[in-house]
Amino acid sequence: MPRIVWWEIETPDPEAFQRFHAELWGWEFKRSFAGTELDADYWIIKDAGLGIGGLQRSATSARPLAGTRLYVEVGDLERTMRRVEALGGTIERGRTALGGDDRWFALALDPAGVSFGIWTDREPGPPG
């Protein structure tokens, strides 16, 4: 059966992407492929030392186009949405029920213009 083995993000501002997601998720970024046949402006995205995806500078300064959206599971959706905003991101859609399965999500936009999802299976906590 086919399985996803890698994902990539392309943005004209990979430095903003790195600052934001390093603070939000603790991801690390390792520069890669410079001086190779690819000669790409590219970073491996690492979580706890494990390569989980790639980040590439886009060839133009245009904002990223629609594409695959990455969803990250969190324990406290509201706390994560507040962190997104505190780090300069924007909440595009607040907590939204998926209906009947006790699952909720929110959509956010990071300062580099990349849209991502935040997913939880937990009820909303007390406000604050």
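Placed above this text is the structure.
The following refers to the structure shown. Since we're looking at a predicted model, the values are computed, not measured.

### Overview of the overall build of the protein chain
Here's step 1: From N to C terminus, the protein chain includes two helices and eight strands.
Here's step 2: Element order for the protein chain, N to C, with α for helix and β for strand: β-α-β-β-β-β-α-β-β-β.
Here's step 3: Looking at the protein chain as a whole, 34% of its 128 residues are labelled buried.
Here's step 4: Per element, the accessible surface of the protein chain, about 8000 Å² overall, is 51% carbon and sulfur.

### Overview of the sheet that holds strand β6 (residues 90–97)
Here's step 1: Sheet architecture is open: four strands sit in the order β5-β8-β7-β6, paired in mixed fashion. Strands with a single pairing partner mark the edges of an open sheet, and in this sheet they are β5 (70–73) and β6. The mean angle between the axes of side-by-side strands here comes to 20°, regardless of whether they run parallel or antiparallel.
Here's step 2: Summarising the sheet, strand β7 (residues 104–109) and strand β8 (residues 115–120) pair through six bridges and their orientation is antiparallel. Across the sheet, residue F105 finds its bridge partner in β8, namely W119.
Here's step 3: The strands that helix α2 (residues 77–86) touches are β6, β7 and β8; relative to β6, the one it contacts most, it runs at about 170°.

### Let's talk about the side chain of S32
Here's step 1: Take S32: it is sitting in strand β2 (residues 28–32).
Here's step 2: Overall, S32 belongs to the buried group, its relative accessible area being 12%.
Here's step 3: Excluding residues within four positions of it along the chain, S32 makes contact with A40, Y42, W43 and I44.

### Quick look at a negative patch on the surface
Here's step 1: Judged by side-chain charge, E73, D102, D121 and E123 come together as a negatively charged surface patch.
Here's step 2: Secondary-structure assignment places D121 in the segment after β8.

### Considering the sheet that holds β2
Here's step 1: Judged by pairing direction, the sheet is mixed, and its four strands sit side by side in the order β1-β4-β3-β2 without closing on themselves. For this open sheet the edge positions go to β1 (8–11) and β2, each flanked by a neighbour on one side alone. Across the sheet, the mean angle separating the axes of adjacent strands is 30° when strand polarity is ignored.
Here's step 2: Pairing of β2 with strand β3 (residues 42–47) involves five bridges; the strand directions are antiparallel. Its bridge partner being in β3, E28 is matched across the sheet by K46.
Here's step 3: Sitting on the sheet, helix α1 (residues 14–25) touches β1, β2, β3 and β4 (50–57), and the angle it makes with β4 is about 150°.

What counts, and at which threshold
Residues numbered from 1 in each chain as written. Predicted model: local features only at pLDDT ≥ 70, side-chain atom pairs only at ≥ 80, totals over all residues. Heavy atoms only, no water. Helix = DSSP H or I, 4+ residues; strand = E, 2+ residues; numbered from the N terminus. Buried < 20%, exposed > 50% of the residue type's maximum accessible area, 1.4 Å probe, protein only. Areas by Shrake-Rupley, 256 points an atom, 1.4 Å probe, with all protein chains shown as cover. Pairing = 2+ DSSP bridges. Axes fitted to C-alpha atoms, helices over the stretch in contact; angles between N-to-C directions. Contact = heavy atoms within 4.5 Å. Patch = residues over 30% accessible without salt bridge, like charges linked within 9 Å, V, L, I, M, F, W, Y side chains within 5 Å. Salt bridge = Lys/Arg side-chain N within 4 Å of Asp/Glu carboxyl O. Lys, Arg positive; Asp, Glu negative; His and termini not counted. Charge placed at Lys NZ, Arg CZ, Asp CG, Glu CD.

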